[in-house]
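A closer look at the structure
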Amino acid sequence: MKIALIAPPYPLEEVPSPPLGLTYIAAVCEAAGAEVTILDYIVRGYSETKLKEELKSFGPDIVGTNCVTMNFKQAAGILRIVKQTYPDIITLMGGPHVSFDSENTLALYPEIDIIVKGEGEATVTELLGVIYHREKWHTIPGIVFKDKGQILRTAQLHFIQDLDALPLPARHLLPMARYQALGYPVSIITSRGCPNHCIFCLGRRMVGRKVRFRSAGQIADEIEKLCSLGIFVINIADDLFTASKRRVAQLCNELVKRKLNISWSAFSRVNTIDTKTLKLMKSAGCHSVSFGIESGNPEMLKRVKKGITIAQAQKAAAACQEAGIRGHASFMVGLPGETRETMNDSLKLQKELKIESAFHFLSPFPGTSVREDIADYDLEIITHDWDQYNANRSIVKTSSLSPEQMDAFIHDAGEQNREDWEALKVKYENKTATLHEQMQVGGHYRMVMIFKLLTQDFFEQHLMFDTNRNKAFKELSTQVSTMTGFDPDFTESTMNDLITKGYIQGENSKGKTRFFWAHNSQLKPAPTLVQ
């Protein structure tokens, strides 16, 4: 059995990182004896022609993908191409969007054979045993499919209680050098489940209200494996990392005991954190914690069932400052009953907290209470175009506010940040920026450059350079500078760093030099190419 899993394109603005859910599914497919490949179009260019060529080369029996609402249409479109090109291939789709919009998905995209709902590892494992026997699909819990024109939902699958029983994510199937070059953290999970009831969130429905924990030892083992690949910056993607302070202490103590030189971030809640816990987290490598505060209006917090208070938010922000950890607060605009006054309350609290923060727009995703029970709220959804569900513009209105008014509020709230950023770029260009400021601006430019190289398949164009390595490097840097539009000196410095770290490799071929992204087995520090 040959299975191709597809990671659909994802924009740089949304912080692309190795697809964790897909690599968990890949791992259970491998454990079931399947030959698996991941066609990663996050850090590689995507085209219909390329997809068809890669499918032809691998020859899969099954093709699967997962997605969020924002890239659902593109992911579904990819499966449509797969099915139209190879009708006998069985197509699967999972992820939060299709888990709660399965009927509409199958109606609009009949090329999708099976939707895997919610937590998918156990479902996929069982499904592979009967995948070629359509008459037995109804015996597999947790799936939705069409049979003789009717949409059938099977029984609900129980959540996996022993997370340690899951194989570690199959990151060896990903082009990890590309992600490492890009520089974003690699995500792991240490638990699944969310006990809270926020009306705009899918967490508790996707992974359950009861929090299930992985053991500290297994988590540390996974982190050690990442370190062996040269990955030292990690994001803990749990819905609520601090659901149990006792468990947090166990994990932090294990990381300290193993002396793992890592830097990590996590998601918390303002009512589950304190200075003591934050200091322990910092001792184990934590550098930042994010909180969803959503609103500075007490009545709004009650309305959306956030379960926190303004006082708890203030205390959590102060605890971050005392512990020496970067705190980040997320606020949401467009919640039910939003008014100019409630938005101003949020702006006031944002300024009072004195930690990093940002405003986002409400996106009423399928499966959320705010969408399913919208008649109970002062809210109207103005578009069902899933491409617009990226939290970057208002797609709702209330009786008091239009989408344009919400857009204008967030634009004005972010004006100072934009001005500061533009001033920082001027200092960078004038070479008057501090070292920290240089890293901020240069790091941003570096990511933009590398993402262009990745998504435009620069190194896959089989470019050949001078046989002399130093001359080849100069030629390479010149071409990258021309293609990306970045300054030649900056480009040369960036290319040298990528080669030094081993993310880009060079070799002689037919009397010329060619460069390429490193394979996973090549991820070892390399000597500096240019002195």
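Residues numbered from 1 in each chain as written. Predicted model: local features only at pLDDT ≥ 70, side-chain atom pairs only at ≥ 80, totals over all residues. Heavy atoms only, no water.

**Quick look at the packing of helix 10 (residues 245–258) against helix 11 (residues 275–283)**
Relative to each other, helix 10 and helix 11 sit at 25°, their axes nearing to 9 Å. One element, helix 10, and the other, helix 11, form an angle in the roughly parallel class. With respect to the hand of their crossing, helix 10 and helix 11 are arranged in left-handed fashion. For the pair helix 10 and helix 11, contact is made by Lys245, Val248, Ala249, Cys252, Asn253 and Val256 and by Thr277, Leu280, Met281 and Ser283, respectively. Split into classes, the residues belonging to the contact of helix 10 with helix 11 amount to six nonpolar, three polar and one charged. (Axes fitted to C-alpha atoms, helices over the stretch in contact; angles between N-to-C directions. Helix = DSSP H or I, 4+ residues; strand = E, 2+ residues; numbered from the N terminus. Parallel < 35°, antiparallel > 145°, perpendicular 65-115°, else oblique. Left-handed = near helix turned anticlockwise from the far one by under 90°. Contact = heavy atoms within 4.5 Å. Nonpolar A, V, L, I, M, F, W, Y, C, P; charged D, E, K, R; others polar.)

**Structural notes on helix 1 (residues 20–31)**
Its 12 residues place the ends of helix 1 17 Å apart at the C-alpha level, agreeing with the 16 Å of an ideal helix rising 1.5 Å per residue. Most of helix 1 is tucked away, with nine of its 12 residues classed as buried. Leu20, Leu22, Thr23, Tyr24, Ile25, Ala26, Ala27, Val28 and Cys29 are the residues of helix 1 that are buried. Here the buried face of helix 1 lies against strand 1 (2–7), strand 2 (35–40), strand 3 (62–66), helix 6 (121–128), strand 8 (186–188) and strand 9 (191–192). Glycine 33 sits one or two residues past helix 1 and shows a positive phi near 100°. (Expected span 1.5 Å × (residues − 1). Buried < 20%, exposed > 50% of the residue type's maximum accessible area, 1.4 Å probe, protein only.)

**Considering the pattern of salt bridges**
All chains considered together, the criterion is met by 33 salt bridges. A salt bridge links glutamate 507 to arginine 514; the nearest nitrogen and oxygen atoms lie 2.8 Å apart. A residue is classified by how much of its surface remains accessible, and arginine 514, at 27% relative accessible area, is partly exposed. Salt bridges linked by common partners bring Asp221, Glu224, Glu254, Lys257 and Arg258 together as one network. (Salt bridge = Lys/Arg side-chain N within 4 Å of Asp/Glu carboxyl O.)

**Let's talk about the sheet that holds strand 15 (residues 356–361)**
Taking strand neighbours across the sheet as the criterion, the six strands line up as 8-11-12-13-14-15 in an open arrangement whose pairing is parallel. Edge strands, defined here as strands with exactly one partner in the open sheet, are strand 8 and strand 15. Across the sheet, the mean angle from the axis of one strand to that of its neighbour is 25°, orientation sign disregarded. In this sheet, strand 14 (residues 326–333) lies alongside strand 13 (residues 286–294) in parallel orientation, the contact comprising six bridges. Counted as the bridge partner of serine 290 is histidine 328 from strand 14. (Pairing = 2+ DSSP bridges.)

**Quick notes on the confidence of the model for the chain**
Per-residue pLDDT for the chain has a mean of 94; in total, 98% of the residues score no lower than 70. Here residues 525–531 scores under 50 on pLDDT; set against residues more than four positions off or in separate chains, the count is 19 contacts. (pLDDT = per-residue confidence, 0-100.)

**Some thoughts on unusual backbone geometry**
For residues besides glycine, phi is generally negative; the peptide bonds are generally trans as well. Despite not being glycine, valine 15 has its phi angle at roughly 60°, a positive value. Topologically, valine 15 is positioned in the loop between strand 1 and helix 1. Under the relative-accessibility criterion, valine 15 is labelled partly exposed at 42%. Of note, lysine 148 is a non-glycine position whose phi angle comes to about 55°, a positive value. Structurally, lysine 148 is set in the loop between strand 6 (143–147) and strand 7 (150–153).

**Examining the sheet that holds strand 7**
The seven strands lie next to each other as 2-1-3-4-5-6-7, forming an open sheet whose pairing is mixed. Each of the sheet's edge strands pairs with one partner strand only, and the pair in question is strand 2 and strand 7. Mean inter-strand twist for the sheet, computed between neighbouring axes without regard to direction, equals 20°. Pairing geometry for strand 1 and strand 2, over six bridges, is parallel. Each bridged residue has a counterpart across the sheet, and for alanine 7 the counterpart in strand 2 is aspartate 40.

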